Amino acid sequence: MQAFVRTEVGVVVSEPQVFTSQGSTGFIFERIELPDNAYYGDTIKIYGKNLSQVLDSYRVKINNTECDIIKLTKGEFNIKIPDQAIINKGEIVKFEFNVAGKRIDVNQAFSLRDPEFEINENRFLDFSKPLVIKGKYLRSSNLTVQLDGIVTQLLESTSVVTDSTIHVLPTANFPSENPVLKIRIRNHIYTVDKNFKLKPTTLDPNQVFNQNFLTDNLIKIKGDNFNSFDPFYNQLIVDNKDVYYEVETVDYKEIGVRFYHTKQDADFSFNLRVLSLGKESEHSALVNYIEPRATVMNLDHSTKSKLVPIDNKFYYTSNNFIIEVDPISKTSMIKASIPDYFYVHDGNDMFLERQGKLYFTDLAKSHGNKELKNFYEYNPSSNTIVELAPLPSNIITMISFFTKENYIYGIGSFSEWINGNRVIKTQLIRYNFLTQSWEEIGPINLPNFFTMLTFNYKGDVYGIIKGNQSLSGLYKFDFSKNIWIEIKSFGLQLNFDSILHFSQISEEEVLYFGDMNKLLRLDLRNFELKIIDNYSGSFELGHQVDQYFYYPSSREPAAQLMKLDTRL
């Protein structure tokens, strides 16, 4: 069987269709009459014989989408092209007729009319809201919009598509004010030009920013027509090749930008402009960065032990010696020799100051056949080292330590074999200066795997704790119960290397400290934690001397003593 379609132009013959005859009874299909320039909602006429006069006995689909029957006579019935029908340009459409239980399928070449796009170069659009493409006959179930020649930068279509408008998000770096678009409608791509004109992004004149990395270096740049839909689509041009940036916040009149410099220990400045629609903005902004860090002197690489301050000088161990560093005169010298069996001091050991003296341990696994649990006191005034009572024999590492009155407290770890498995546990111990002996207090109410930075503040002992595979938190030690009480949980991951990282409170009640790759600042008035610098290498102990905060930085080819001007 073949279908004959009569149009205003002539008669169209369909492809032959094979079906099983049901005799002379029931619906007999004759032809389809399609309207010229058809669109959704238009009427299609179907002619045939033996048509049922019961409207509910008709079921008609176009490409599997149900159609409404809008007219029924003895020799024909009319359907409306459904809004949800998928009808692509140049494809064969499947018509499915079911009349009083008899089904006939007809495959017919049929397309909706082509869309028409408005041409209006006087219609200016900005980035404050989705872009609106105007025209006629635009509806499509498979709509895509992209910039011509930039295949990877698609405009993400929103759900707003009507017969006369297409709303798209301006998520692209537009190359000009008159963008050429490639729009796929009903599986056919149309080139659209001069449908609208884009308004450029501009900067406000006379903007100057003076920054340093200690402050919140998110610079708020004022302007007009920033792309608030995605920070990525706000491009800047800086005239300093060592500077790179990240746009973090955007609204129509302002962007928040962080700038980074590949070189440290130097002031730097640069001008920036906006790159918009292929052109640089007329106005520029000047950014001045004052570098508050400076290199004081080189240090021995063994400063991966701890650098402890006493009376505005620093002390650390290197090989078998106590080294004294004077940050003011920028000198260092060997002060005392540690006993020959002293093992290289590392992150498993204690190293702290109490009442002008240094106390440190040697927890080397062995020296000959002897397990070393040695504990020492160094007096800078007399330049002498005294060996004190050794640590409890089961302690293998020192996780953290702090002082209180006549005691040095330590959190030590030890191992036990339980059901054939080696289990690491922790316990609280303390050295009693009155009895000159160690006392074992009991287990710690913290996870078995953690690292801790401790500090004293207004007579209390606090610890910043990083648990195993967990976020960090601030704790306070309750000496009446010998337990840690959580004060605040921080929403970031710290990477302490054992107990190398410690710090000193500045006059502004701010604690500076670092982990393996970032410098942080804790405001002790509200316990707000903020990252103020990212770097490569470990930050260990810091200390305030006058207006400067000194700390070691592990940089190649040598470790360096750095100073930070806290006034900036």
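Definitions and limits used
Here the residue index of a chain counts from 1 through its sequence in written order. At least 70 in pLDDT is required for a residue's local features to be given in this predicted model, at least 80 for side-chain atom pairs to be given and counted, and no such filter applies to totals for whole chains, interfaces and linings, which use all residues. The basis for the side-chain values is all heavy atoms of the structure; hydrogens and waters are excluded. Helix and strand assignments follow DSSP, with helices taken as H or I runs no shorter than four residues and strands as E runs no shorter than two, numbered in order from the N terminus. Each residue gets one of three labels from its accessible area relative to the maximum for its type: buried under 20%, exposed over 50%, partly exposed in between, using a 1.4 Å probe on protein chains only. Throughout, a contact is declared for two residues whenever any of their heavy atoms are within 4.5 Å. Only buried residues count toward a nonpolar core. Its members are Ala, Val, Leu, Ile, Met, Phe, Trp, Tyr and Cys residues joined through side-chain atoms within 4.5 Å. By convention in these notes, a salt bridge is any Lys or Arg side-chain nitrogen within 4 Å of a carboxyl oxygen on Asp or Glu. DSSP bridges decide pairing: two strands pair if at least two such bridges lie between them. Convention adopted: a line fitted to C-alpha atoms gives each axis, helices being fitted over their contacting stretch, and angles between N-to-C directions are expressed from 0 to 180 degrees. Ring pairs are drawn from Phe, Tyr and Trp, using the six-membered ring of Trp, whenever the two centres fall within 6.5 Å, and their geometry is named by plane angle: stacked under 30 degrees, edge-to-face over 60, tilted for the rest. Pairing of N or O atoms within 3.5 Å defines a polar contact, subject to two protein rules: one partner must be a possible hydrogen donor and the other a possible acceptor, and residues neighboring in sequence count only if both atoms are side-chain atoms. Every residue is assigned a pLDDT by the predictor, reflecting its confidence on a scale from 0 to 100. Patch building starts from residues that exceed 30% relative accessible area and form no salt bridge, then joins like charges within 9 Å and nonpolar side chains (Val, Leu, Ile, Met, Phe, Trp, Tyr) within 5 Å. The protein chains shown are the only cover counted for residues, whose accessible areas, like all others here, come from Shrake-Rupley with a 1.4 Å probe. Asp and Glu are treated as the negative residues and Lys and Arg as the positive ones, with His and the ends of the chain left uncounted. Charge placement uses NZ in Lys and CZ in Arg. For Asp and Glu, CG and CD serve respectively.

(A) Seen up close, the overall build of the protein. Along the backbone of the protein there are 0 helices and 52 strands. Looking at the protein residue by residue over its 568 residues, the buried ones come to 49%. Long-range pairs, those at least 24 residues apart, make up 50% of the contacts in the protein with a sequence separation of at least 6.

(B) Broad picture of the nonpolar core. Grouped together as the largest cluster of nonpolar side chains are 28 residues, with contacts concentrated most on Ile44, Phe77, Ile79, Phe95, Phe97 and Phe110. Within the residue set of this core, elements represented by two or more residues are β3 (28–33), β4 (43–49), β5 (58–62), β8 (76–80), β9 (92–99) and β10 (102–109). By residue number, the principal contributor to this core is β9, which donates 4 residues. The residues contacting Phe95, other than those within four sequence positions of it, are Ile32, Leu34, Ile44, Lys61, Ile62, Ile104, Asp105, Val106, Gln108 and Phe110. Counting residues in hydrophobic clusters, the runner-up holds 20 residues, among them Leu138, Val145, Val168 and Phe174.

(C) Expanded view of the pattern of salt bridges. Applying the stated criterion across every chain yields a total of 23 salt bridges. One salt bridge in this structure joins Glu416 and Lys425, with 3.2 Å as the shortest N-O distance. A relative accessible area of 31% means that Glu416 is categorised as partly exposed. Each of Asp83, Arg139 and Asp163 takes part in one network of salt bridges that share partners.

(D) Here's a closer look at the sheet that holds strand β21 (residues 202–203). Spatial ordering of the open sheet is given by β21-β23-β26-β25, a layout of 4 strands whose pairing is antiparallel. The sheet terminates laterally at β21 and β25 (243–251), the two strands that pair on one side only. Of the strand pairs in this sheet, β21 and strand β23 (residues 218–224) are connected by 2 bridges, and their pairing is antiparallel. Counted as the bridge partner of Leu203 is Gly223 from β23.

(E) Molecular detail of the sheet that holds β4. Taken together, 4 strands build an open sheet; the order of strands is β3-β4-β8-β7 and the sheet is antiparallel. Each edge of the open sheet is held by one strand with a lone partner, namely β3 and β7 (68–72). The average undirected angle you get between the axes of adjacent strands in this sheet is 30°. Direction of pairing for β3 relative to β4: antiparallel, over a ladder of 5 bridges. Residue pairing for β4: Glu33 is matched across the bridge by Lys45.

(F) Broad picture of the packing of aromatic side chains. Under the counting rule described, the total for this entry stands at 39 aromatic pairs. Summarising the aromatic geometry, the rings of Phe95 and Phe110 are spaced 6.3 Å apart at their centres and angled 40° between planes, so their arrangement reads as tilted. Remark: Phe110 occurs in the loop between β10 and β11 (116–117) and Phe95 occurs in strand β9; sequence separation between them is 15 residues. For Phe95, a relative accessible area of 0% gives the class buried. Residue class for Phe110 comes out buried when judged on its relative accessible area of 6%. Judged by centre distance (5.0 Å) and plane angle (10°), the ring pair of Phe268 and Tyr289 falls under stacked. Within this pair, whereas Phe268 is found in strand β27 (residues 268–276), its partner Tyr289 is found in strand β29 (residues 285–289), the two being separated by 21 residues in sequence. Overall, Phe268 belongs to the buried group, its relative accessible area being 11%. Given a relative accessible area of 6%, Tyr289 falls into the buried group.

(G) Focus on the side chain of Asn432. Along the chain, the position of Asn432 falls in strand β41 (residues 421–432). Separated by 2.8 Å, the side chain of Asn432 and the backbone nitrogen of Leu434 make a polar contact. Setting aside chain neighbours within four positions, we find Asn432 in contact with Asn406, Tyr407, Ser437 and Glu439.

(H) Up close: unusual backbone geometry. You will see that Asn50, though not glycine, has its phi angle at about 55°, which is positive. Relative to the helices and strands, Asn50 resides in the loop between β4 and β5.

(I) Molecular detail of the confidence of the model for the protein. On average, residues of the protein score 83 in pLDDT, and 82% of them are at 70 or above. Confidence scores differ between elements of the protein, with strand β2 (residues 11–13) showing the lowest mean pLDDT of 51 and β21 the highest of 97. Below pLDDT 50 for its whole length, residues 498–502 participates in 31 contacts with residues either more than four positions away or in separate chains. This model gives residues 536–540 a pLDDT under 50, and the stretch forms 29 contacts once residues within four places in sequence are excluded.

(J) Representation of a negative patch on the surface within the structure. Together, Glu121, Asp148, Glu177 and Asp193 line one region of the surface with negative charge. Tracing the backbone through its elements, the reader meets Asp148 in the loop between β14 (144–147) and β15 (154–155). Overall, the relative accessible area of 39% leaves Asp148 in the partly exposed class.

(K) Representation of the environment of Asn50 in the model. Using a relative accessible area of 42% as the deciding quantity, one classes Asn50 as partly exposed. The sequence separation of Asn50 and Gly26 amounts to 24 residues, and the corresponding C-alpha distance is 5.6 Å. Reaching out from Asn50, the side chain makes a polar contact with the backbone oxygen of Gly26 at a distance of 2.8 Å.

(L) Structural detail: the pairing of strand β36 (residues 357–362). With 5 of its 6 residues buried, β36 lies for the most part within the structure. Two elements, strand β35 (residues 351–354) and β36, share 4 bridges in a ladder whose sense is antiparallel. Each bridged residue has a counterpart across the sheet, and for Leu352 the counterpart in β36 is Tyr359. Count of turn residues in the β35/β36 antiparallel hairpin: 2 residues, of which Gln355 carries a positive phi of about 50°.

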